[in-house]
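Architecture at a glance
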Amino acid sequence: MTTSLETQLQRRAHDLLAEGVVELFLGYRQGSNPLRVAPFVARTPLETAKLVWNAVCVPNLAGTLAKHAGQRIGVALKACDAQSVRELLKLNQLERSRLYLIGIGCAGMADPEAITKAAPGRVTGLAEDGPDLVITTADDVVRRERGTLLLTKCATCIGMPTDFCDEWLGEVPPTPPAIPAERFAAVQALATLAPPERLAFWSEHLSRCTLCYACQTVCPLCFCKECALTLERDHPRRQAREPMTIFAYHLMRAYHLADRCTGCDECSRVCPEDIPLNLICRKLEQDRSQV
Amino acid sequence: MSEPFEPKIVGLLCSWCAYAGADTAGVSRVQYPPNLRIVRVMCSGRVDPLFVARAFEHGADGVLVAGCHPGDCHYLSGNNYAEERFAKFAQLLDFFGLDQRRFKLAWVSGSEGARFAALVAEMTEELRALGPLELKVQ
Ligand code: SF4
Ligand code: SF4
Ligand code: SF4
Ligand code: FES
């Protein structure tokens, strides 16, 4: 039997800490239920036993990594997280010589919402079996092909050159020769609308925005200590949720991220109002790919 | 109410050329619509797109950013930066569906009083036809 990625990762993290190559190792630990993982920093070789690697390692670790900038830290990265790390390096938010990057072959991460839809009820277990995911709920066991449960972004994953990382675990994903066109299908559709219809589309979505700024907080590339766009909690314009205030926030957020957003989709994942922020991110990426 | 709609336009004008152009228009008594509210800035390169977003947020129906002609910037390259920034910014305005006519970047020299007046008149006309900037929320 081949060793699971999780075991391989735990071993490598253990050794790196034991040999003193790194002071910290960043990965995931199990969260409050089988569909949740949380970023976790192991400080001793013993603690690496808590590291997990499974089909729902969704959160982007790049932001957490940046919070530990300055320390010698190892980290487990899937390709999309590595993209964010590369961008942070470019912007001098991290020092390459202080990082030890372990790239992990990623078969696509499953969307916890899709899993709950496929297997209603309280999920008590999640296992990988070849190309399938086996979901155990309180009163059922459901088997689904992993490919049908993935996050939107994984369908058009753009990978990451393997030589970016110090080492790779698992299968090296083939990097698509060009960005797949479907990646921009939704923005393309939006672009064909007349401007007033586009404005109506966004007005409707953005009218739900509560200005909670979760999208800004989670973004690994939003690292300013003080954001010029966010308003204090008791600011009258924030409390009134003025449509134009919301509009200006999203317009400027897009502008500030224009050169750096890597399309990790963390913003739309955390938005409690399900606003399709990833469309904005794809638009930025599309514009960059065209210059 | 049957009063015709009068758009509010915020003009962010660089001190050395566009603002001087507006001044020339005034001195030579060229008429132009009073819809423009002028803010003088030292250079078009000083204009952060956030100023424009904030202007819209606080009730502007249109925003005009104007500076020296390419090559004439008092600080040599401020207007080149402005051009690059606002090209990107205008793309995003369009992506969100904001009518392109609500935002204009123009180059006006200190002697082009009449041209400045014509520019403002034209923009005011366009915005009158477009109506107020509102985000309708169903
Ligand atoms: S986008 Fe690519 S690297 Fe990221 S989770 Fe999906 S398949 Fe993995
Ligand atoms: S804007 Fe969204 S998709 Fe882009 S880097 Fe930030 S969190 Fe990721
Ligand atoms: S996370 Fe969603 S609701 Fe919160 S500020 Fe961002 S878009 Fe608005
Ligand atoms: S001084 Fe006029 S654009 Fe720079």
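All of these numbers come straight from a predicted model, not from anything done at the bench.

Quick look at the overall build of chain B now. Per the secondary structure count, chain B includes four helices and four strands. Helices and strands in chain B line up, N terminus first, as β-α-β-α-β-α-β-α. Here the C-alpha atoms of chain B give a radius of gyration of 15 Å, agreeing with the 14 Å that 2.2 N^0.38 yields for 138 residues. On the principal axes, the C-alpha backbone points of chain B span a range of 50 × 35 × 20 Å.

Our focus in this paragraph is the domain arrangement of chain A. Interfaces are often described in size by the accessible area the parts lose on coming together. Residue and element names in this part refer to chain A. Parsing chain A into structural domains produces domain 1 (2-111 + 145-169) and domain 2 (181-290). The straight-line distance from the C-alpha centre of domain 1 to that of domain 2 is 26 Å. If you look at the interface, domain 1 gives 15 residues, while domain 2 gives 14 residues. Between domain 1 and domain 2, the buried area comes to about 1,300 Å², and carbon and sulfur atoms account for 61% of it. If you sort the residues of domain 1 by the area they bury against domain 2, Glu87, Lys153 and Thr156 come out on top, with a joint share of 34%.

Before going further, it helps to examine the confidence of the model for chain B. Summing up the model confidence of chain B, the mean pLDDT is 95 and the portion of residues at 70 or higher is 96%. Prediction confidence for the complex, expressed as pTM and ipTM, is 0.94 and 0.95 respectively.

Let us now look at helix H3 (residues 79-90) of chain A. Residues and elements named next belong to chain A. Compared with an ideal rise of 1.5 Å per residue, which puts twelve residues at 16 Å, H3 spans 17 Å between its outermost C-alpha atoms and is within 8% of the ideal. Among the twelve residues of H3, ten are classified as buried, and the element is accordingly described as predominantly covered. For H3, every residue scored as buried is listed here: Ala79, Cys80, Asp81, Ala82, Gln83, Ser84, Val85, Glu87, Leu88 and Leu89. Next to the buried residues of H3 lie strand S1 (24-30), helix H2 (62-67), strand S3 (73-77), strand S4 (99-104) and helix H5 (152-155).

Time to look at a nonpolar patch on the surface. A contiguous nonpolar surface patch, about 310 Å² in accessible area, is contributed by Trp16(B), Met42(B) and Tyr75(B). Tracing the chain through its elements places Met42(B) in the loop between strand S2 (36-41) and helix H2 (49-57).

Before going further, it helps to spend a moment on helix H4 (residues 113-130) of chain B. The terminal C-alpha atoms of H4(B) lie 26 Å apart, and with 18 residues this matches the ideal 26 Å at 1.5 Å per residue to within 8%. On its buried face, H4(B) is in contact with strand S1 (9-14), helix H1 (18-27), S2, strand S3 (62-67) and strand S4 (103-107) of chain B.

Taken together, 13 residues are adjacent to ligand 3, and Cys209(A), Cys212(A), Tyr213(A), Cys215(A) and Cys271(A) come closest. Considering only residue class, the shell around ligand 3 consists of ten nonpolar, two polar and one charged.

For the rest of this paragraph, the subject is the packing of helix H10 (residues 243-257) of chain A against helix H12 (residues 277-290) of chain A. Residue and element names in this part refer to chain A. The contact between H10 and H12 brings their axes to 10 Å, and the two run at 40 degrees. One way to sum up the angle between H10 and H12 is to call them oblique. For the pair H10 and H12, the crossing hand works out as right-handed. Only Leu277, Ile280 and Leu284 of H12 make contact with H10, whose side of the interface consists of His250, Arg253, Ala254 and Leu257. Taken together, the residues of the contact of H10 with H12 break down into five nonpolar, one polar and one charged.

Across the boundary between the two partners, chain B contributes 25 residues, which contact 29 residues of chain A. Counting the surface lost from both chain B and chain A, the interface buries some 2,600 Å², and carbon and sulfur atoms represent 72% of this. Our count for the contact surface shared by chain B and chain A stands at three salt bridges. Taken together, chain B and chain A are joined by six residue pairs in polar contact (both at pLDDT 80 or more). Mapped onto the side of chain B that touches chain A, the elements with two or more residues apiece are H2 and helix H3 (78-95) of chain B. Tallied by class, the residues present in the side of chain B that touches chain A amount to 13 nonpolar, four polar and eight charged.

So, how was this worked out
Residues numbered from 1 in each chain as written. Chains lettered and ligands numbered in written order. Predicted model: local features only at pLDDT ≥ 70, side-chain atom pairs only at ≥ 80, totals over all residues. Heavy atoms only, no water. Helix = DSSP H or I, 4+ residues; strand = E, 2+ residues; numbered from the N terminus. Rg over C-alpha atoms; globule rule 2.2 N^0.38 Å. Domains from an automatic or database assignment. Contact = heavy atoms within 4.5 Å. Buried area = accessible area lost by both parts, 1.4 Å probe. pLDDT = per-residue confidence, 0-100. Expected span 1.5 Å × (residues − 1). Buried < 20%, exposed > 50% of the residue type's maximum accessible area, 1.4 Å probe, protein only. Patch = residues over 30% accessible without salt bridge, like charges linked within 9 Å, V, L, I, M, F, W, Y side chains within 5 Å. Areas by Shrake-Rupley, 256 points an atom, 1.4 Å probe, with all protein chains shown as cover. Salt bridge = Lys/Arg side-chain N within 4 Å of Asp/Glu carboxyl O. Near = heavy atom within 4 Å. Nonpolar A, V, L, I, M, F, W, Y, C, P; charged D, E, K, R; others polar. Axes fitted to C-alpha atoms, helices over the stretch in contact; angles between N-to-C directions. Parallel < 35°, antiparallel > 145°, perpendicular 65-115°, else oblique. Left-handed = near helix turned anticlockwise from the far one by under 90°. Polar contact = N/O pair within 3.5 Å; in protein donor to acceptor, adjacent residues only side chain to side chain.

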